[in-house]
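Report on the structure
What follows is the residue order along each chain.
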Amino acid sequence: MTSFLDPVIALVSAYPWLAYLTLFLAALLEAIPVAGALVPGSTIILALSALVPGGELKLWGVLAAAIAGAILGDGSAFWAGHRAQRRILNAWPMSKYPGVMAQSETFFHRWGTLAVLFARFVPPIRAFVPVTAGALGMSPAVFFGVNIPAVLAWALAHVLPGVLAVSALHEYAGLPHHQGTGKHLWILAVFAAAIIALGVWTLRRRRIGKSPSDQARTGLRPGAGPT
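Below: a short report on this structure. If you're wondering where the values come from, they're calculated on a predicted model, not measured in any experiment.

Using the criterion set out here, one finds four salt bridges in the structure. A salt bridge links R126 to E30; its shortest N-O distance comes to 2.9 Å. Of this pair, R126 sits in the loop between α7 (114-119) and α8 (129-135) while E30 sits in helix α2 (residues 16-30), and the two are 96 residues apart along the sequence. Across this residue pair, the class does not change: R126 and E30 are buried. Notably, a salt bridge pairs E105 with R86, separated by 2.5 Å at the nearest N-O pair. One end of the pair, E105, is in helix α6 (residues 98-111); the other, R86, is in the loop between α5 (59-84) and α6, and 19 residues separate them in sequence.

Following this line, the structure appears as structure tokens:
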């Protein structure tokens, strides 16, 4: 893995605009319905934030790319819902994910305006709440009044941990900047955590998605664990 990361870091050092474009697209696609459930945007942003302390990327550039992509993605989804109204919730490709759409609508009804704030930190609902908010009649002023601060907080929460963690590894663990060891450790830890989280989420979804007959055959009651 280290042999793979070194060329990536060297490429970013030579062409940092590629990394900023990747960050922008990751944040943008993560905010688009359906695509946001498939694109590991947060993982990419967390990982690339490790390149700030060594100077390969600038903090302001990373934040600007992530913020711009997220606002554009959320805004586009909201306006699509605002224009099409409720019928968009049953249109393709949302119709292929009825469970997530129902969860998103329930989340919106439960939290109201705050759903736009909270959803920014709750994948995969993050990709569906903006279009739901538009479809259910939230005004643009209210949506963007909550969404923009939420995106700012989300970007800081995804960029600063990597910057601080790698800086701490260099400062307190004595890892040299030029060898990139701190960057490797952070990037590998982020991707390992993402894989574990994806596995847990997949197993949980499969467990919840079991029908009562399936649970009966496996000896499980709905919501119960194995005995």
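Our next topic: the packing of aromatic side chains. Counting across every chain of the model gives six aromatic pairs. Measuring from ring centre to ring centre gives 4.3 Å for F78 and F143, while their planes differ by 10°; the resulting arrangement is stacked. Taken together, the residues span a long stretch of sequence, with F78 in helix α5 and F143 in helix α9 (residues 140-172) at a distance of 65 residues. Just as F78 is buried, F143 falls in that class too. Both rings, one in W111 and one in F118, keep their centres 5.0 Å apart while their planes meet at 90°; by these two values the pair is edge-to-face. Classification of F118 as partly exposed rests on a relative accessible area of 30%.

What follows is about the nonpolar core. Counting residues in hydrophobic clusters, the biggest one holds 21 residues, and the most contacted among them are L23, I45, L51, L57, V62, W154 and V159. Per-element tally for this core: the top contributor is α5, with six residues. If near-sequence neighbours (up to four positions away) are discounted, V159 is found in contact with I45, S49, L59, V62 and L63.

Among the eight residues of helix α4 (residues 41-48), six are classified as buried, and the element is accordingly described as predominantly covered. For α4, the set of buried residues is G41, S42, T43, I45, A47 and L48.

As a further point, take the layout of surface pockets. A volume near 800 Å³ is recorded for the largest pocket. If you go around the largest pocket, you meet 28 residues; those closest to its centre are A37, P40, P123, A194 and L198. Of all elements in the fold, only α3 (35-38), α4 and α10 (181-209) reach the threshold of two or more residues within the lining of the largest pocket. It is α10 that contributes the most residues to the lining of the largest pocket, nine residues altogether. Looking at the lining of the largest pocket, its residues break down into 21 nonpolar, five polar and two charged.

The phi torsion at V34 lies on the positive side, around 75°, for a residue other than glycine. For V34, the location among the structural elements is in the loop between α2 and α3. For V34, a relative accessible area of 12% translates into the label buried. The phi dihedral of Q85 falls on the positive side, at around 60°, and the residue is not glycine. The residue Q85 is located in the loop between α5 and α6 in this model.

A few words now on the side chain of R120. Here R120 is to be found in the loop between α7 and α8. A polar contact is formed between the side chain of R120 and the side chain of D74, at a distance of 3.0 Å.

This part covers empty space enclosed by the protein. Scanning the model with the defined rule gives one cavity of 30 Å³ or more in all. Computed from the structure, the largest cavity encloses a volume of approximately 40 Å³. In terms of lining, the largest cavity is formed by D74, V116, A119, R120, R126, V129, P130 and N147. Only α7 and α8 provide two or more residues apiece to the lining of the largest cavity. Within the lining of the largest cavity, the residues separate by chemical class into four nonpolar, one polar and three charged.

Scoring rules and cut-offs
- Residues numbered from 1 in each chain as written.
- Predicted model: local features only at pLDDT ≥ 70, side-chain atom pairs only at ≥ 80, totals over all residues.
- Heavy atoms only, no water.
- Salt bridge = Lys/Arg side-chain N within 4 Å of Asp/Glu carboxyl O.
- Helix = DSSP H or I, 4+ residues; strand = E, 2+ residues; numbered from the N terminus.
- Buried < 20%, exposed > 50% of the residue type's maximum accessible area, 1.4 Å probe, protein only.
- Phe/Tyr/Trp six-rings, centres within 6.5 Å; stacked < 30°, edge-to-face > 60°.
- Core = buried A, V, L, I, M, F, W, Y, C linked by side-chain atoms within 4.5 Å.
- Contact = heavy atoms within 4.5 Å.
- 1 Å grid on protein atoms, 1.4 Å probe; cavity = no way out; pocket = protein on both sides within 12 Å on 5 of 7 lines; lining within 4 Å.
- Points joined across faces, edges and corners; volume = space filled by probe spheres on them.
- Nonpolar A, V, L, I, M, F, W, Y, C, P; charged D, E, K, R; others polar.
- Polar contact = N/O pair within 3.5 Å; in protein donor to acceptor, adjacent residues only side chain to side chain.

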